[in-house]
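# Tertiary structure, described
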Amino acid sequence: MNASQRRAAAVLAAAALATPLVLAGPATATPAPGAAEARDAAKLAKKLVGETTAKDAFRHLQKFQAIADSAGGNRAAGSLGHDASAAYVYSQLKQAGYNVSYQKFDFVYTETQAEKAAVVSPAPRDLAIIAMTYTASTPAGGIQADLAAVPVDADGTTGCEPGDFASGTFTGKIALVKRGGCSFAVKQANAAEAGAAGAIIYNNTDGTLNGTLGEAGAGKVPTGGITQAEGERLAADLAKGPVKLSLDIRQLQGTRSTNNVIAETKGGNAANTVMLGAHLDSVTDGPGINDNGSGSAGLLQTALELAKATDKGKDKVRNKVRFAWWSAEEYGLLGAEHYVANMSSLDKKEVKLYLNFDMIASPNYGLFVYDGDDSDAEGSGAGPAGSAQLERGITDFLDKRGVPHEGTDFDGRSDYGPFIDANIPSGGTFTGAEGIKTEAQAKKFGGQAGVAYDVNYHAKGDDIRNINMRAFEINIGVIANAVGTYAHDISSLKKPVAAQGNGYGAAQDAGRGTGNGTGSGGMHAGHAGVAE
(Lines give C-alpha, C1' and ligand atoms only; values in the text may rest on other atoms or scores of the structure.)
Protein backbone atom coordinates (compact mmCIF):
# COMPACT_ATOMS: atom_id res chain seq x y z
CA MET A 1 0.00 0.00 0.00
CA ASN A 2 1.50 3.30 -1.06
CA ALA A 3 1.29 6.55 0.90
CA SER A 4 -1.77 7.74 -1.00
CA GLN A 5 -3.61 4.50 -0.32
CA ARG A 6 -2.68 4.61 3.38
CA ARG A 7 -4.11 8.14 3.72
CA ALA A 8 -7.41 7.09 2.05
CA ALA A 9 -7.72 4.06 4.35
CA ALA A 10 -7.11 6.24 7.38
CA VAL A 11 -9.89 8.62 6.30
CA LEU A 12 -12.34 5.73 5.85
CA ALA A 13 -11.43 4.28 9.24
CA ALA A 14 -11.89 7.60 10.94
CA ALA A 15 -15.30 8.01 9.30
CA ALA A 16 -16.33 4.54 10.42
CA LEU A 17 -15.30 5.27 13.99
CA ALA A 18 -17.04 8.66 13.93
CA THR A 19 -20.38 7.32 12.71
CA PRO A 20 -21.44 5.44 15.87
CA LEU A 21 -20.34 8.38 17.99
CA VAL A 22 -22.69 10.68 16.05
CA LEU A 23 -25.58 8.23 16.36
CA ALA A 24 -24.99 7.79 20.06
CA GLY A 25 -24.81 11.49 20.77
CA PRO A 26 -27.75 13.69 21.82
CA ALA A 27 -30.42 14.32 19.20
CA THR A 28 -30.86 17.82 17.87
CA ALA A 29 -32.99 19.74 20.41
CA THR A 30 -36.59 20.38 19.34
CA PRO A 31 -38.95 22.84 21.01
CA ALA A 32 -41.32 21.37 23.58
CA PRO A 33 -44.90 21.03 22.35
CA GLY A 34 -46.61 24.39 22.67
CA ALA A 35 -43.39 26.28 23.40
CA ALA A 36 -43.78 28.57 20.40
CA GLU A 37 -47.40 29.29 21.27
CA ALA A 38 -46.50 30.11 24.87
CA ARG A 39 -43.62 32.33 23.78
CA ASP A 40 -45.75 34.28 21.30
CA ALA A 41 -48.61 34.53 23.80
CA ALA A 42 -46.33 36.01 26.46
CA LYS A 43 -44.84 38.44 23.96
CA LEU A 44 -48.19 39.67 22.65
CA ALA A 45 -49.75 39.84 26.12
CA LYS A 46 -46.90 41.98 27.39
CA LYS A 47 -47.16 44.28 24.38
CA LEU A 48 -50.92 44.74 24.69
CA VAL A 49 -50.83 45.33 28.45
CA GLY A 50 -48.17 47.97 27.95
CA GLU A 51 -49.94 49.80 25.14
CA THR A 52 -53.64 49.51 26.05
CA THR A 53 -54.27 52.30 28.54
CA ALA A 54 -57.23 53.70 30.43
CA LYS A 55 -56.27 57.15 29.16
CA ASP A 56 -56.76 56.03 25.56
CA ALA A 57 -59.94 54.12 26.38
CA PHE A 58 -61.36 57.17 28.15
CA ARG A 59 -61.81 58.92 24.81
CA HIS A 60 -64.40 56.29 23.91
CA LEU A 61 -66.24 57.08 27.14
CA GLN A 62 -66.21 60.74 26.15
CA LYS A 63 -67.74 59.77 22.83
CA PHE A 64 -70.46 57.71 24.53
CA GLN A 65 -71.23 60.65 26.82
CA ALA A 66 -71.50 63.02 23.87
CA ILE A 67 -73.83 60.59 22.12
CA ALA A 68 -76.07 60.33 25.20
CA ASP A 69 -76.11 64.11 25.60
CA SER A 70 -77.34 64.48 22.03
CA ALA A 71 -79.93 61.67 22.28
CA GLY A 72 -82.11 62.43 25.27
CA GLY A 73 -79.62 61.47 27.97
CA ASN A 74 -79.27 57.71 27.40
CA ARG A 75 -77.97 55.01 25.08
CA ALA A 76 -80.69 52.43 25.69
CA ALA A 77 -81.27 49.60 23.23
CA GLY A 78 -83.73 50.64 20.54
CA SER A 79 -82.86 54.32 20.96
CA LEU A 80 -80.91 56.75 18.79
CA GLY A 81 -78.27 56.83 21.52
CA HIS A 82 -77.58 53.12 21.21
CA ASP A 83 -77.70 53.19 17.42
CA ALA A 84 -75.08 55.94 17.38
CA SER A 85 -72.92 54.09 19.93
CA ALA A 86 -73.04 50.93 17.83
CA ALA A 87 -72.17 52.88 14.68
CA TYR A 88 -69.17 54.43 16.44
CA VAL A 89 -67.85 51.06 17.62
CA TYR A 90 -68.48 49.53 14.18
CA SER A 91 -66.60 52.28 12.34
CA GLN A 92 -63.61 52.13 14.69
CA LEU A 93 -63.26 48.38 14.21
CA LYS A 94 -63.79 48.52 10.46
CA GLN A 95 -61.03 51.10 10.09
CA ALA A 96 -58.77 48.88 12.19
CA GLY A 97 -59.17 46.02 9.70
CA TYR A 98 -61.58 43.65 11.45
CA ASN A 99 -64.38 41.69 9.85
CA VAL A 100 -67.30 43.54 11.43
CA SER A 101 -71.03 42.87 11.28
CA TYR A 102 -74.29 43.93 12.85
CA GLN A 103 -76.58 41.25 14.24
CA LYS A 104 -80.12 42.60 14.24
CA PHE A 105 -82.94 41.36 16.46
CA ASP A 106 -86.28 42.56 17.79
CA PHE A 107 -87.13 43.00 21.46
CA VAL A 108 -89.74 44.62 23.66
CA TYR A 109 -88.54 48.09 24.59
CA THR A 110 -89.67 49.45 27.95
CA GLU A 111 -89.57 52.93 29.38
CA THR A 112 -90.76 53.69 32.91
CA GLN A 113 -93.21 56.58 33.01
CA ALA A 114 -94.01 56.49 36.74
CA GLU A 115 -92.53 54.77 39.79
CA LYS A 116 -93.94 56.24 42.98
CA ALA A 117 -95.07 54.74 46.26
CA ALA A 118 -95.98 56.15 49.64
CA VAL A 119 -97.44 55.17 52.98
CA VAL A 120 -100.87 56.80 53.24
CA SER A 121 -101.59 55.67 56.79
CA PRO A 122 -100.98 55.39 59.67
CA ALA A 123 -97.89 57.65 59.32
CA PRO A 124 -97.56 59.14 55.80
CA ARG A 125 -94.15 58.97 54.13
CA ASP A 126 -92.70 58.47 50.65
CA LEU A 127 -91.15 55.17 49.61
CA ALA A 128 -88.28 55.00 47.13
CA ILE A 129 -89.37 52.32 44.66
CA ILE A 130 -87.97 51.14 41.32
CA ALA A 131 -90.31 49.65 38.73
CA MET A 132 -89.28 46.20 37.53
CA THR A 133 -88.71 45.75 33.82
CA TYR A 134 -91.76 44.23 32.08
CA THR A 135 -94.04 45.09 35.01
CA ALA A 136 -97.74 45.52 34.54
CA SER A 137 -98.95 49.12 34.98
CA THR A 138 -101.36 50.80 37.35
CA PRO A 139 -103.99 53.16 35.99
CA ALA A 140 -102.81 56.76 35.51
CA GLY A 141 -102.62 58.31 38.97
CA GLY A 142 -101.94 54.96 40.61
CA ILE A 143 -103.90 52.97 43.18
CA GLN A 144 -104.41 52.96 46.93
CA ALA A 145 -104.70 49.66 48.80
CA ASP A 146 -103.93 48.00 52.09
CA LEU A 147 -100.61 46.22 52.50
CA ALA A 148 -100.36 42.47 53.19
CA ALA A 149 -97.05 40.75 53.98
CA VAL A 150 -96.13 37.28 52.79
CA PRO A 151 -94.68 35.29 55.72
CA VAL A 152 -90.98 34.50 55.47
CA ASP A 153 -90.26 30.76 55.53
CA ALA A 154 -87.73 29.24 57.90
CA ASP A 155 -85.19 29.01 55.07
CA GLY A 156 -85.52 32.72 54.36
CA THR A 157 -87.57 32.35 51.16
CA THR A 158 -91.00 33.79 50.63
CA GLY A 159 -93.65 34.00 47.94
CA CYS A 160 -92.27 31.16 45.85
CA GLU A 161 -95.30 28.90 46.22
CA PRO A 162 -98.99 29.73 45.70
CA GLY A 163 -99.59 28.38 49.20
CA ASP A 164 -97.48 31.20 50.64
CA PHE A 165 -100.39 33.52 49.88
CA ALA A 166 -103.17 32.63 52.33
CA SER A 167 -106.57 32.41 50.68
CA GLY A 168 -108.44 35.71 50.76
CA THR A 169 -105.71 37.54 52.62
CA PHE A 170 -104.29 39.33 49.57
CA THR A 171 -107.40 40.08 47.52
CA GLY A 172 -107.29 43.71 46.41
CA LYS A 173 -104.18 44.41 48.48
CA ILE A 174 -100.54 45.18 47.75
CA ALA A 175 -98.35 42.18 48.57
CA LEU A 176 -95.09 42.79 50.43
CA VAL A 177 -92.63 40.01 49.51
CA LYS A 178 -89.02 39.48 50.56
CA ARG A 179 -86.47 38.69 47.87
CA GLY A 180 -85.03 35.17 47.85
CA GLY A 181 -85.52 31.61 46.71
CA CYS A 182 -87.13 32.18 43.31
CA SER A 183 -87.48 34.77 40.58
CA PHE A 184 -89.22 38.10 40.90
CA ALA A 185 -91.53 36.95 38.12
CA VAL A 186 -92.70 33.94 40.17
CA LYS A 187 -93.32 36.07 43.26
CA GLN A 188 -95.49 38.64 41.51
CA ALA A 189 -97.33 35.97 39.51
CA ASN A 190 -98.24 34.16 42.72
CA ALA A 191 -99.37 37.47 44.19
CA ALA A 192 -101.57 38.08 41.17
CA GLU A 193 -103.04 34.59 41.42
CA ALA A 194 -103.95 35.35 45.03
CA GLY A 195 -105.86 38.44 43.90
CA ALA A 196 -103.29 41.09 44.83
CA ALA A 197 -103.54 44.50 43.18
CA GLY A 198 -99.77 44.99 43.18
CA ALA A 199 -96.50 43.64 44.55
CA ILE A 200 -93.56 45.24 46.32
CA ILE A 201 -90.43 43.10 46.65
CA TYR A 202 -87.86 44.16 49.21
CA ASN A 203 -84.18 43.33 49.08
CA ASN A 204 -82.55 40.65 51.23
CA THR A 205 -79.25 42.53 51.37
CA ASP A 206 -78.14 46.15 51.59
CA GLY A 207 -78.74 48.35 48.58
CA THR A 208 -81.53 49.20 46.19
CA LEU A 209 -83.43 46.54 44.26
CA ASN A 210 -83.56 47.14 40.52
CA GLY A 211 -84.74 44.03 38.71
CA THR A 212 -86.57 42.58 35.76
CA LEU A 213 -89.38 40.07 35.43
CA GLY A 214 -87.36 38.44 32.68
CA GLU A 215 -89.46 38.77 29.55
CA ALA A 216 -92.31 40.65 27.97
CA GLY A 217 -95.68 39.43 29.12
CA ALA A 218 -94.38 38.19 32.47
CA GLY A 219 -95.88 41.10 34.40
CA LYS A 220 -99.17 40.21 36.05
CA VAL A 221 -99.49 43.02 38.60
CA PRO A 222 -97.65 46.36 39.01
CA THR A 223 -94.36 45.40 40.68
CA GLY A 224 -91.47 47.40 42.10
CA GLY A 225 -88.41 46.90 44.29
CA ILE A 226 -87.41 48.64 47.53
CA THR A 227 -84.50 48.39 49.97
CA GLN A 228 -84.18 45.79 52.69
CA ALA A 229 -84.42 48.48 55.38
CA GLU A 230 -87.63 49.93 53.98
CA GLY A 231 -89.17 46.49 53.53
CA GLU A 232 -88.40 45.49 57.09
CA ARG A 233 -89.79 48.78 58.35
CA LEU A 234 -93.05 48.19 56.46
CA ALA A 235 -93.28 44.66 57.82
CA ALA A 236 -92.77 45.98 61.37
CA ASP A 237 -95.42 48.67 60.88
CA LEU A 238 -97.83 46.08 59.52
CA ALA A 239 -97.31 43.90 62.59
CA LYS A 240 -98.69 46.77 64.69
CA GLY A 241 -101.80 47.32 62.58
CA PRO A 242 -103.16 48.09 59.09
CA VAL A 243 -100.97 49.98 56.64
CA LYS A 244 -102.36 51.65 53.51
CA LEU A 245 -100.13 52.45 50.52
CA SER A 246 -100.39 54.38 47.30
CA LEU A 247 -98.66 52.83 44.28
CA ASP A 248 -98.14 54.39 40.85
CA ILE A 249 -96.11 52.23 38.47
CA ARG A 250 -96.51 52.71 34.73
CA GLN A 251 -94.30 51.46 31.95
CA LEU A 252 -94.36 51.97 28.19
CA GLN A 253 -93.72 48.76 26.25
CA GLY A 254 -93.38 48.19 22.51
CA THR A 255 -91.41 46.17 19.94
CA ARG A 256 -88.22 47.73 18.56
CA SER A 257 -85.13 46.55 16.67
CA THR A 258 -81.52 46.80 17.78
CA ASN A 259 -78.09 45.42 16.86
CA ASN A 260 -75.22 43.54 18.42
CA VAL A 261 -71.83 44.51 16.99
CA ILE A 262 -69.57 41.54 16.25
CA ALA A 263 -65.93 41.87 15.12
CA GLU A 264 -63.29 39.23 14.54
CA THR A 265 -59.74 38.96 13.32
CA LYS A 266 -59.34 38.08 9.65
CA GLY A 267 -56.75 35.48 10.53
CA GLY A 268 -56.52 32.80 13.18
CA ASN A 269 -57.85 29.27 13.42
CA ALA A 270 -61.66 29.43 13.59
CA ALA A 271 -61.69 26.01 15.27
CA ASN A 272 -60.05 27.74 18.25
CA THR A 273 -62.08 30.94 18.54
CA VAL A 274 -61.64 33.00 21.69
CA MET A 275 -64.42 35.44 22.48
CA LEU A 276 -64.77 38.50 24.69
CA GLY A 277 -67.83 40.67 25.18
CA ALA A 278 -69.39 43.67 26.89
CA HIS A 279 -72.85 45.17 26.66
CA LEU A 280 -73.07 48.54 24.94
CA ASP A 281 -76.58 49.61 25.93
CA SER A 282 -77.54 51.73 28.94
CA VAL A 283 -80.76 51.94 30.90
CA THR A 284 -83.20 54.68 29.90
CA ASP A 285 -82.49 56.63 33.11
CA GLY A 286 -78.94 57.67 32.25
CA PRO A 287 -75.99 57.58 29.82
CA GLY A 288 -74.53 54.36 31.25
CA ILE A 289 -70.87 55.39 31.23
CA ASN A 290 -69.80 52.90 33.88
CA ASP A 291 -72.65 50.49 33.09
CA ASN A 292 -71.46 49.59 30.62
CA GLY A 293 -69.56 52.14 28.65
CA SER A 294 -66.55 51.12 30.75
CA GLY A 295 -66.47 47.49 29.61
CA SER A 296 -67.32 48.50 26.05
CA ALA A 297 -64.54 51.10 25.91
CA GLY A 298 -61.95 48.79 27.47
CA LEU A 299 -62.81 46.06 24.99
CA LEU A 300 -62.75 48.48 22.05
CA GLN A 301 -59.36 49.95 22.92
CA THR A 302 -57.88 46.47 23.37
CA ALA A 303 -59.23 45.42 19.98
CA LEU A 304 -57.67 48.50 18.36
CA GLU A 305 -54.29 47.79 19.99
CA LEU A 306 -54.47 44.15 18.87
CA ALA A 307 -55.02 45.35 15.31
CA LYS A 308 -51.93 47.56 15.54
CA ALA A 309 -49.83 44.75 17.00
CA THR A 310 -50.77 42.36 14.22
CA ASP A 311 -50.64 44.88 11.37
CA LYS A 312 -49.18 43.68 8.06
CA GLY A 313 -48.42 40.21 9.37
CA LYS A 314 -45.89 41.26 11.98
CA ASP A 315 -47.53 39.10 14.61
CA LYS A 316 -50.36 37.00 13.18
CA VAL A 317 -52.59 35.38 15.77
CA ARG A 318 -52.93 31.60 15.83
CA ASN A 319 -56.49 31.62 17.15
CA LYS A 320 -59.38 33.67 15.84
CA VAL A 321 -60.28 36.45 18.26
CA ARG A 322 -63.90 37.61 18.30
CA PHE A 323 -65.25 40.65 20.13
CA ALA A 324 -68.92 41.38 20.85
CA TRP A 325 -70.76 44.51 21.97
CA TRP A 326 -74.16 43.28 23.09
CA SER A 327 -77.41 45.18 22.93
CA ALA A 328 -80.50 44.91 25.16
CA GLU A 329 -78.53 43.45 28.06
CA GLU A 330 -80.52 45.72 30.33
CA TYR A 331 -83.69 43.97 29.20
CA GLY A 332 -82.47 40.56 30.30
CA LEU A 333 -79.29 39.66 28.33
CA LEU A 334 -81.30 39.65 25.11
CA GLY A 335 -78.41 40.40 22.74
CA ALA A 336 -76.19 37.64 24.11
CA GLU A 337 -79.14 35.25 24.27
CA HIS A 338 -79.98 35.97 20.64
CA TYR A 339 -76.38 35.37 19.60
CA VAL A 340 -76.05 32.06 21.44
CA ALA A 341 -79.48 30.87 20.31
CA ASN A 342 -78.38 31.34 16.70
CA MET A 343 -75.05 29.52 17.09
CA SER A 344 -74.83 26.17 15.33
CA SER A 345 -73.51 23.12 17.15
CA LEU A 346 -70.23 23.63 15.28
CA ASP A 347 -70.08 27.28 16.38
CA LYS A 348 -70.45 26.23 20.01
CA LYS A 349 -67.61 23.72 19.64
CA GLU A 350 -65.35 26.28 18.00
CA VAL A 351 -65.78 28.98 20.66
CA LYS A 352 -63.33 27.78 23.30
CA LEU A 353 -63.96 30.49 25.88
CA TYR A 354 -65.98 33.60 26.64
CA LEU A 355 -64.83 36.46 28.89
CA ASN A 356 -67.29 39.14 30.00
CA PHE A 357 -66.55 42.67 31.18
CA ASP A 358 -69.49 44.54 32.68
CA MET A 359 -68.98 47.61 34.91
CA ILE A 360 -65.20 47.72 35.27
CA ALA A 361 -64.76 51.24 36.68
CA SER A 362 -67.20 51.64 39.57
CA PRO A 363 -66.34 54.74 41.63
CA ASN A 364 -66.27 52.92 44.99
CA TYR A 365 -64.97 49.77 43.34
CA GLY A 366 -64.10 46.28 44.40
CA LEU A 367 -62.10 44.01 42.11
CA PHE A 368 -64.20 40.91 41.57
CA VAL A 369 -63.30 37.89 39.44
CA TYR A 370 -66.02 35.44 38.43
CA ASP A 371 -65.68 32.30 40.52
CA GLY A 372 -65.17 29.69 37.83
CA ASP A 373 -64.34 26.82 40.19
CA ASP A 374 -66.90 27.68 42.91
CA SER A 375 -64.09 27.87 45.46
CA ASP A 376 -66.14 30.46 47.33
CA ALA A 377 -69.00 27.94 47.63
CA GLU A 378 -71.60 30.63 47.07
CA GLY A 379 -74.61 30.86 44.79
CA SER A 380 -74.82 29.20 41.43
CA GLY A 381 -71.81 26.88 41.45
CA ALA A 382 -68.89 26.42 39.08
CA GLY A 383 -68.89 27.31 35.41
CA PRO A 384 -68.34 24.84 32.58
CA ALA A 385 -65.02 22.97 32.43
CA GLY A 386 -62.29 25.49 31.70
CA SER A 387 -63.92 28.28 33.72
CA ALA A 388 -61.69 27.55 36.71
CA GLN A 389 -58.66 28.03 34.48
CA LEU A 390 -60.04 31.33 33.17
CA GLU A 391 -60.48 32.53 36.74
CA ARG A 392 -56.96 31.45 37.65
CA GLY A 393 -55.60 33.20 34.58
CA ILE A 394 -57.05 36.49 35.77
CA THR A 395 -56.08 36.06 39.42
CA ASP A 396 -52.51 35.11 38.47
CA PHE A 397 -52.26 38.29 36.42
CA LEU A 398 -53.60 40.41 39.26
CA ASP A 399 -51.40 38.70 41.84
CA LYS A 400 -48.26 39.31 39.80
CA ARG A 401 -49.14 43.01 39.76
CA GLY A 402 -49.86 43.14 43.48
CA VAL A 403 -53.58 43.82 42.97
CA PRO A 404 -56.02 42.42 45.58
CA HIS A 405 -59.21 40.76 44.39
CA GLU A 406 -62.19 38.68 45.47
CA GLY A 407 -64.45 36.16 43.85
CA THR A 408 -68.00 36.86 42.68
CA ASP A 409 -70.70 34.35 41.84
CA PHE A 410 -71.92 33.39 38.39
CA ASP A 411 -75.36 34.69 39.33
CA GLY A 412 -76.57 34.81 35.71
CA ARG A 413 -77.05 38.56 35.68
CA SER A 414 -74.70 39.49 32.86
CA ASP A 415 -73.91 38.30 29.36
CA TYR A 416 -71.85 35.28 30.34
CA GLY A 417 -75.14 33.59 31.30
CA PRO A 418 -76.12 32.28 27.84
CA PHE A 419 -72.55 31.06 27.23
CA ILE A 420 -72.56 29.09 30.48
CA ASP A 421 -75.89 27.60 29.47
CA ALA A 422 -74.24 26.54 26.19
CA ASN A 423 -71.43 24.85 28.18
CA ILE A 424 -68.77 27.31 27.00
CA PRO A 425 -66.03 28.10 29.58
CA SER A 426 -66.64 31.60 30.91
CA GLY A 427 -65.15 34.22 33.17
CA GLY A 428 -64.44 37.92 33.51
CA THR A 429 -64.33 40.79 35.97
CA PHE A 430 -66.74 43.21 37.62
CA THR A 431 -66.29 46.14 40.03
CA GLY A 432 -69.66 46.15 41.78
CA ALA A 433 -73.07 47.75 41.29
CA GLU A 434 -75.65 48.60 43.97
CA GLY A 435 -74.14 46.25 46.57
CA ILE A 436 -72.62 47.83 49.68
CA LYS A 437 -68.87 47.80 50.30
CA THR A 438 -67.89 46.15 53.57
CA GLU A 439 -65.29 47.36 56.07
CA ALA A 440 -62.98 44.53 55.05
CA GLN A 441 -63.33 45.47 51.38
CA ALA A 442 -62.62 49.12 52.12
CA LYS A 443 -59.36 48.06 53.79
CA LYS A 444 -58.51 45.83 50.84
CA PHE A 445 -59.52 48.05 47.91
CA GLY A 446 -59.76 51.49 49.43
CA GLY A 447 -62.91 53.57 49.13
CA GLN A 448 -65.76 53.98 51.59
CA ALA A 449 -67.38 51.21 53.61
CA GLY A 450 -71.14 51.24 53.98
CA VAL A 451 -71.61 52.85 50.56
CA ALA A 452 -72.59 51.23 47.25
CA TYR A 453 -69.83 50.31 44.82
CA ASP A 454 -71.64 52.56 42.35
CA VAL A 455 -74.10 54.99 43.93
CA ASN A 456 -75.19 56.03 40.43
CA TYR A 457 -76.04 52.52 39.29
CA HIS A 458 -78.89 52.63 36.74
CA ALA A 459 -79.30 56.35 37.35
CA LYS A 460 -78.81 59.69 35.66
CA GLY A 461 -75.53 60.18 37.53
CA ASP A 462 -73.82 57.33 35.67
CA ASP A 463 -71.98 59.83 33.51
CA ILE A 464 -68.40 60.65 32.55
CA ARG A 465 -67.71 61.76 36.16
CA ASN A 466 -68.72 58.34 37.50
CA ILE A 467 -65.51 56.54 36.53
CA ASN A 468 -62.70 55.34 38.79
CA MET A 469 -59.61 55.47 36.57
CA ARG A 470 -57.61 53.14 38.83
CA ALA A 471 -60.19 50.36 38.49
CA PHE A 472 -60.52 51.13 34.77
CA GLU A 473 -56.77 50.78 34.23
CA ILE A 474 -56.50 47.51 36.18
CA ASN A 475 -59.36 45.86 34.32
CA ILE A 476 -58.18 47.04 30.93
CA GLY A 477 -54.90 45.31 31.77
CA VAL A 478 -56.87 42.12 32.48
CA ILE A 479 -58.61 42.39 29.08
CA ALA A 480 -55.39 43.10 27.22
CA ASN A 481 -53.53 40.24 28.88
CA ALA A 482 -56.35 37.82 28.11
CA VAL A 483 -56.50 38.83 24.46
CA GLY A 484 -52.74 38.58 24.00
CA THR A 485 -52.53 35.23 25.76
CA TYR A 486 -55.47 33.40 24.24
CA ALA A 487 -54.88 34.78 20.76
CA HIS A 488 -51.93 32.37 20.63
CA ASP A 489 -52.32 29.80 23.39
CA ILE A 490 -55.41 28.18 24.93
CA SER A 491 -53.58 25.16 26.32
CA SER A 492 -54.10 26.40 29.89
CA LEU A 493 -57.82 25.59 29.61
CA LYS A 494 -57.01 21.89 29.89
CA LYS A 495 -54.38 22.09 32.60
CA PRO A 496 -55.20 21.41 36.25
CA VAL A 497 -55.81 24.67 38.06
CA ALA A 498 -52.99 23.95 40.50
CA ALA A 499 -50.55 23.99 37.57
CA GLN A 500 -51.59 27.42 36.33
CA GLY A 501 -49.37 29.60 38.50
CA ASN A 502 -46.72 30.29 35.86
CA GLY A 503 -48.99 30.42 32.83
CA TYR A 504 -51.35 33.25 32.03
CA GLY A 505 -49.58 36.11 33.75
CA ALA A 506 -46.01 34.89 33.39
CA ALA A 507 -44.92 37.69 31.10
CA GLN A 508 -46.21 40.43 33.36
CA ASP A 509 -44.76 42.51 36.16
CA ALA A 510 -43.42 40.60 39.13
CA GLY A 511 -44.50 41.10 42.72
CA ARG A 512 -46.86 38.96 44.73
CA GLY A 513 -50.10 40.48 45.90
CA THR A 514 -52.78 39.70 48.39
CA GLY A 515 -56.27 38.76 47.39
CA ASN A 516 -58.23 35.81 46.13
CA GLY A 517 -60.60 36.33 49.01
CA THR A 518 -64.13 35.07 49.17
CA GLY A 519 -67.47 36.74 48.97
CA SER A 520 -69.86 38.02 46.38
CA GLY A 521 -69.03 41.31 44.77
CA GLY A 522 -72.15 43.40 44.71
CA MET A 523 -74.31 41.55 42.24
CA HIS A 524 -75.53 43.26 39.11
CA ALA A 525 -79.07 42.70 40.21
CA GLY A 526 -80.81 44.72 37.55
CA HIS A 527 -79.81 42.29 34.86
CA ALA A 528 -81.75 39.16 34.09
CA GLY A 529 -83.44 39.23 37.45
CA VAL A 530 -85.38 36.15 36.53
CA ALA A 531 -83.02 34.40 38.90
CA GLU A 532 -83.49 35.79 42.42
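The structure reproduced in this document is the subject of the present report. This structure is a prediction, so every number in the text was calculated from the model and none was measured.

### Focus: the pattern of salt bridges
The final tally for this structure, using the stated rule, is twelve salt bridges. For Arg125, the salt bridge is made with Glu230, and the minimal N-O distance between the two is 2.9 Å. Taken as a pair, Arg125 in strand β2 (residues 125-127) and Glu230 in helix α6 (residues 228-240) lie far apart in primary sequence, 105 residues in all. Summarising the burial analysis for this pair, Arg125 and Glu230 share the class buried.

### Observations concerning the pairing of strand β4 (residues 143-149)
Here four bridges tie β4 to strand β8 (residues 244-264), and the two strands are oriented antiparallel to one another. Across the sheet, the residue bridging to Asp146 is Lys244, located in β8. For β4 and strand β5 (residues 174-178), the ladder comprises three bridges, and the chain directions are parallel. Paired with Leu147 across the strands is Ile174, a residue of β5.

### What about the packing of helix α3 (residues 54-69) against helix α7 (residues 289-309)?
Two numbers describe how α3 lies on α7: the axes approach to 8 Å, and their chain directions differ by 130°. Considering the angle they form, α3 stands oblique to α7. In this structure, the crossing between α3 and α7 has a hand that is right-handed. Note on element contacts: α7 touches α3 through Ile289, Gly293, Ser294, Ser296, Ala297, Leu300, Gln301, Leu304 and Glu305, opposite Asp56, Ala57, Arg59, His60, Leu61, Phe64 and Gln65.

### Some details on the packing of aromatic side chains
With the rule as written, the count across this model stands at 20 aromatic pairs. Centre to centre, the rings of Phe410 and Tyr416 are 5.1 Å apart; their planes meet at 55°, and the pair counts as tilted. According to the relative accessible area criterion, Tyr416 is buried, its value standing at 1%. Chaining the aromatic ring pairs together yields one cluster made of Phe105, Phe107, Tyr109, Tyr134 and Tyr331. Above the ring of Tyr109, the side-chain terminus of Arg256 is found at 3.6 Å from the ring centroid.

### Here we look at unusual backbone geometry
Most peptide bonds take the trans form, and the phi angle of most residues other than glycine is negative. Backbone torsion omega between Ser121 and Pro122 reads 10°, so that peptide bond is classified as cis. For Pro122, the position within the fold is in the loop between β1 (99-121) and β2. Each neighbour pair has its own omega, and for Asp291 with Asn292 the value is 0°, a cis peptide bond. Within the fold, Asn292 resides in helix α7. If you check the backbone angles, Ala328 has positive phi at about 55° while not being a glycine. Checked against the element boundaries, Ala328 lands in the loop between β10 (319-326) and α8 (334-341). According to the relative accessible area criterion, Ala328 is buried, its value standing at 0%. One non-glycine residue, Ala377, lies in the positive phi region at around 55°. The residue Ala377 is located in the loop between β12 (368-370) and α10 (387-400) in this model.

### Things to note about the state of the cysteines
Going through the model one piece at a time under the given rule, you end up with one disulfide. Here Cys160 pairs with Cys182 through a disulfide, and the sulfurs are 2.2 Å apart. Since a negative S-S torsion denotes a left-handed disulfide, the Cys160-Cys182 link at about -95° is left-handed. Of this pair, Cys160 sits in the loop between β4 and β5 while Cys182 sits in the loop between β5 and α5 (184-193), and the two are 22 residues apart along the sequence.

### Details of the environment of Arg465
Mapped onto the elements, Arg465 comes out in the loop between α12 (439-445) and α13 (469-486). Accessibility expressed as a relative area gives 73% for Arg465, which makes it exposed. Sequence-wise, Arg465 and Pro363 are 102 residues apart; in three dimensions their C-alpha atoms are separated by 9.0 Å. Of note is the side chain of Arg465, whose polar atom sits 2.5 Å from the side chain of Asp463.

### Description of the environment of Asn190
Looking at where Asn190 falls in the secondary structure, it is placed in helix α5. Taking the C-alpha atoms as reference, Asn190 lies 7.5 Å from Phe165; in sequence the two are 25 residues apart. Excluding anything up to four places from it in sequence, Asn190 contacts Gly159, Cys160, Glu161, Pro162 and Phe165.

Thresholds, definitions, all that
- Residues numbered from 1 in each chain as written.
- Predicted model: local features only at pLDDT ≥ 70, side-chain atom pairs only at ≥ 80, totals over all residues.
- Heavy atoms only, no water.
- Salt bridge = Lys/Arg side-chain N within 4 Å of Asp/Glu carboxyl O.
- Helix = DSSP H or I, 4+ residues; strand = E, 2+ residues; numbered from the N terminus.
- Buried < 20%, exposed > 50% of the residue type's maximum accessible area, 1.4 Å probe, protein only.
- Pairing = 2+ DSSP bridges.
- Axes fitted to C-alpha atoms, helices over the stretch in contact; angles between N-to-C directions.
- Parallel < 35°, antiparallel > 145°, perpendicular 65-115°, else oblique.
- Left-handed = near helix turned anticlockwise from the far one by under 90°.
- Contact = heavy atoms within 4.5 Å.
- Phe/Tyr/Trp six-rings, centres within 6.5 Å; stacked < 30°, edge-to-face > 60°.
- Lys NZ or Arg CZ within 6 Å of the ring centre and 35° of its normal.
- Disulfide = S-S within 2.5 Å.
- Polar contact = N/O pair within 3.5 Å; in protein donor to acceptor, adjacent residues only side chain to side chain.

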